[in-house]
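One letter stands for each residue in the lines below.
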Amino acid sequence: MRQLRWFLTLVPLSVAVPPAVAAAPDFNREVRPILADKCYHCHGPDVENRKAGLRLDTSSGAARVLRGKSAKETELVRRITTTDAEERMPPADTNFTKHLTPQEVATLIAWVEAGAKYSKHWAYEPPTQAPVPMIPDLPQASPIDRWIRDRLRKEGLPANPRADKATLIRRVTLDLIGLPPTYQEVQAFLNDPSPNAYEKVVDRLLASPRYGERMALFWMDLARYGDSSVYHADGPRDMWGWRDQVIRAFNANMPYDQFTIEQLAGDLIPNATFEQKVASGFNRNHATTDEGGVIPEEFRVDYVVDRVKTVSSTWLAMSMECGQCHDHKYDPISQREYYQFYAYFNNTKDAGMQTRNGNAAPIVEIPDPEAASKIEAAHKARLETVRELANLIQKTLPSKAFQDWLAQQKVPEGTPSWDRLPTFFLPFDEKERATGLTDWFGSAAVAVTGRTQDAKRPGGDGIQMPGNVLFQFADGPQVLHNKPFTFSAWVKIPANGGGYLLTRMESPERNYRGFDFGTDHGAPGFHLIHRWPDDALKIYAKKPLKPDTWHHVVITLDGTGKAAGAKIYVDGELQEVVVHADSLRSDSIANAPLRLGGRTDGGGFNGQVDELACYDVALAPHEVSLARHHPAKRFLAIAPEKRSPRHAELLAQHYLRTQNANYQNRLKALQQKWDAERKVGRGMTSVMVMEDLPPNQMRKTYVLNRGQYDQPRLDQPVQPGVPAILPPLPKDAPANRLGLAQWIVRPDHPLTARVAVNRFWQLFFGEGLVRTSEDFGLQGEAPSHPELLDWLAVDFVKN
């Protein structure tokens, strides 16, 4: 490392152009750069822009201008040396090229005189390890030192003197952890006379957690990392969970091939771990838009284009993005090959229109490492309040006030003595408003008489909802895919009314996970979702409710998560249903509050509702009609001597909720503690990750005319693939990002290892062995030390 720094100060001296051209110029190092810079724009790989049918990037294409008994007789030499402005190449009126310099003309003539031999571009040939030079005065030196010393010797340049120890520890500490050494660290190194003192410093720095942070910096730049969305309002988003995963990977010294596969396709690895899914966030760091007027498909295509550019630049140092609109003008990449590469990224789930309210699906939740202790504390606080409420109920049971209240209660005629207990109940009665609702009966929602269609069993107070008001609960039921459940409510909707009534559902960018009960075009039904639409259950009645009429709606789920296990009843009658989705197979637990009146993405409920109840069982058909009645009134209908202790407790609870302010306040406190416990159980943040569409929803990929998102060339469909100039895909590689990643890290790939070691060299020494670290193509610079670059690349693969 010390001697690498010495060398970098001398690079300009070692690459000075000699005053005379050698008899046989090296094609890759001397000739191709001239042709690429001055000729390929009109006479290169791009067939649509090729002039005169002449191609100078291949020997066969250039054959007709290289014929002649001597160099002067060839058309190429004649056209670059003529004084006729109409004939001279490059043309005088071109503003995108420069004229050939006398030195460049001399180089081309010498090349033609030597036989005009073509050779494959150096970057597309697999690297090989040449024998390491022997340096007599450095017999024990590392291969890197020996390669550098050999080059200095050939250039007639001396090595810089050895750096002093204080300078050396400062350099290596800054290089490896990005921070200067402390005074104590410097003194310890200066006072260590052992021959491996420097090695011990390096080992200490590599073991520091700061090492991973230092190395992650350059990778974050390559991944265009940011915690905001960039376009339009530049809304906030969290990707630091992905950043931390990269830091952990460097600190764990993860092999580069494994690192590459996880960054590109961690989500596609069979039985992918949490860390592997997070790693795939590499390709979610790009700029996104949330502007309301955008065309989502246009930006979705832009995101795919960005990923092609980022992956090809990061791992291959290829300017592949030029192929979006036409064949590459300099490098051997056709437009068709570009879209074959593009196809690997054309089936991801993320949408073009994203959100300014946080991360957009698909995402992975990042857990709080301190969550366990926080949850335990919140759980204890909630249980303490539960005990307080239970004690109040027990003290109330024998009280004279409660017994007098019981004696005064009258049971409406016809009320059945049914003892089924709801797990959640909203009576909407005037005296039972202390149920955890926020801003209960605000100006936009008003109390109504309630259901009165049956004079023998009149309803109490209900609530009128206008369609644009949401009431939120601190806690409430979850509807699980594998547990039975029943929803019951009296509803009355106007023509063109209805909507989502009771919901616990996450936002669209979180795949709509959760549930909702309500109506669609007047027909009652529900959603139960893990990820919409490929892991979800959606069922609605075929027949809509009669407008402006009170109806009792019951929906039961048997816990199978299948459409066959769901039933919808209206006024006790089983309804014929329409199944819109029946693919649910995963949990539907939502990290969202329970809401009355709509979802966060709209669909507000417009109508009246009364006596809404939920049960943790699937009601049997004969129980559906019994659910029409208020639970407390059903329990009062049970003869006192036949009431169970549980019924007595629930009646006491009903009494306290309607008559006792102390109990109501403690109930509110319990709901707040439920909410606190739920919040600490969530992840600290989330990370946007990659995820492909299911096989039956895969998009077809076509060449796009001039790269326009809405102009696919339907006669030019493409399948995932890689440029022909590079090695073929591994045998049996899947036609997805995982297969692409496996191709990138195949050991004989000519670019991957070279590009990686060059980036590391640049990270530590300011410039790479190839100064154009982002472009190893024909427009990039040749390596200053090709043998050393290849030696490092092969060693990197081996180790």
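Residues numbered from 1 in each chain as written. Predicted model: local features only at pLDDT ≥ 70, side-chain atom pairs only at ≥ 80, totals over all residues. Heavy atoms only, no water.

Student: What should I look at first to understand the overall build of the protein in this one?
Tutor: Secondary structure summary: the protein contains 26 helices and 19 strands in total. Counting the 799 residues in the protein, one finds 51% classified as buried. Long-range contacts, defined as pairs at least 24 residues apart, comprise 71% of the intrachain contacts of the protein with a sequence gap of at least 6. (Helix = DSSP H or I, 4+ residues; strand = E, 2+ residues; numbered from the N terminus. Buried < 20%, exposed > 50% of the residue type's maximum accessible area, 1.4 Å probe, protein only. Contact = heavy atoms within 4.5 Å.)

Student: How should I be thinking about the pairing of strand 17 (residues 685-688) in this particular structure?
Tutor: Within a regular strand, side chains alternate between the sheet's two faces. Because side chains alternate across strand 17, one face comprises the buried residues T685 and V687, and the other comprises S686 and M688, equally buried. Two elements, strand 1 (residues 363-366) and strand 17, share 4 bridges in a ladder whose sense is antiparallel. Paired with E365 across the two strands is S686, which belongs to strand 17. (Pairing = 2+ DSSP bridges.)

Student: What am I meant to see in helix 19 (residues 400-408) here?
Tutor: Residues three or four positions apart in an α-helix share a direction because the helix packs 3.6 residues into each turn. Of the positions making up helix 19, those classed as buried are F402, W405 and L406. Along helix 19, the residues classed as buried sweep out an arc of 100° about the axis, all on the same side. For helix 19, the exposed residues lying more than 90 degrees away from the buried face are K400, A407 and Q408. (Arc of directions from axis to C-beta.)

Student: Would you take a moment to explain the confidence of the model for the protein for this structure?
Tutor: Detail in the predicted coordinates should be disregarded across regions flagged by low pLDDT. Confidence in the prediction for the protein averages 86 pLDDT; 89% of positions are at 70 or higher. A low-confidence stretch, residues 453-459 stays under pLDDT 50, and its non-local contacts, those more than four residues away or across chains, total 14 contacts. (pLDDT = per-residue confidence, 0-100.)

Student: What is the right way to look at the nonpolar core in this model?
Tutor: Where a protein is soluble and globular, its nonpolar side chains tend to be buried together. Core analysis: the biggest nonpolar cluster contains 117 residues, and W219, W242, W315, F341, Y342, F345 and L751 have the highest contact counts within it. Those residues in contact with W315 that sit more than four places away from it in its chain are W219, Y256, T260, Q263, L264, F282, I744, L751, T752 and V755. The next biggest cluster of nonpolar side chains, apart from the first, holds 38 residues, and it includes I463, A489, A563 and V609. (Core = buried A, V, L, I, M, F, W, Y, C linked by side-chain atoms within 4.5 Å.)

Student: Got a minute to help me understand the environment of L619 in this structure?
Tutor: Considering the arrangement of structural elements, one finds L619 in the loop between strand 16 (606-615) and helix 20 (621-624). Its relative accessible area of 3% is what places L619 among the buried residues.

Student: Got a minute to help me understand unusual backbone geometry in this structure?
Tutor: Only a minority of non-glycine residues have a phi that is not negative, and only a minority of peptide bonds are not trans. The residue after M89, namely P90, is reached through a cis peptide bond having omega -5°. Along the chain, P90 falls in the loop between helix 6 (75-81) and helix 7 (102-113). For the peptide bond that leads from A361 to P362, omega is 0°, which places it in the cis range. Within the fold, P362 resides in the loop between helix 17 (335-342) and strand 1. One non-glycine residue with positive phi stands out, namely D234, at about 50°. With respect to the helices and strands, D234 occurs in the loop between helix 12 (209-222) and helix 13 (240-251).

Student: What exactly am I supposed to notice about the sheet that holds strand 8 (residues 514-520) here?
Tutor: Strand pairing in a sheet is mediated by backbone hydrogen bonds. Such pairs are either parallel or antiparallel. The strand order across the open sheet built from 7 strands is 5-15-7-8-9-10-14, with neighbouring strands paired in antiparallel fashion. Each edge of the open sheet carries a strand with a single partner, namely strand 5 (471-472) and strand 14 (577-582). Examined bridge by bridge, strand 10 (residues 535-541) and strand 14 share 5 bridges and lie antiparallel to one another. What sits directly across from I539, in strand 14, is V579.

Student: I keep staring at the packing of helix 19 against helix 22 (residues 645-659) and nothing clicks. Help me out?
Tutor: Between two packed helices, the angle of one axis relative to the other and the distance separating the axes together describe the packing. At a minimum axis separation of 11 Å, helix 19 and helix 22 run at an interaxial angle of 95°. Overall, the two elements helix 19 and helix 22 adopt an arrangement that is roughly perpendicular. Mapping the contact onto sequence places A401, F402, W405 and L406 in helix 19 and A648, L651, A652, H654, Y655 and Q659 in helix 22. Across the contact of helix 19 with helix 22, the residue classes break down as 8 nonpolar, 2 polar and no charged. (Axes fitted to C-alpha atoms, helices over the stretch in contact; angles between N-to-C directions. Parallel < 35°, antiparallel > 145°, perpendicular 65-115°, else oblique. Nonpolar A, V, L, I, M, F, W, Y, C, P; charged D, E, K, R; others polar.)

Student: Hey, could you run me through the environment of R628 in this one?
Tutor: Along the chain, R628 turns up in the loop between helix 20 and helix 21 (631-636). Taking the C-alpha atoms as reference, R628 lies 8.5 Å from D571; in sequence the two are 57 residues apart.

Student: Looking at this model, I keep getting lost on the pattern of salt bridges. Mind explaining?
Tutor: A side chain of one charge can pair with a side chain of the opposite charge when the charged atoms of the two come close. With the rule as written, the count across this model stands at 36 salt bridges. Residues E75 and R79 are paired through a salt bridge, measuring 3.3 Å at the closest nitrogen-oxygen approach. Residue E75 and its partner R79 are both found in helix 6; the two are separated by 4 residues, about one turn of the helix. K349 is paired through a salt bridge with E691; the nearest N and O atoms lie 3.0 Å apart. (Salt bridge = Lys/Arg side-chain N within 4 Å of Asp/Glu carboxyl O.)

Student: Would you explain the packing of helix 13 against helix 14 (residues 256-265) in this entry?
Tutor: Packing of helix 13 against helix 14 brings their axes to within 11 Å, and their N-to-C directions diverge by 170°. In terms of orientation, helix 13 lies roughly antiparallel with respect to helix 14. Along its contact with helix 13, which presents W242, Q245, V246, A249 and F250, the element helix 14 presents F259, E262 and Q263. Considered class by class, the residues forming the contact of helix 13 with helix 14 number 5 nonpolar, 2 polar and 1 charged.

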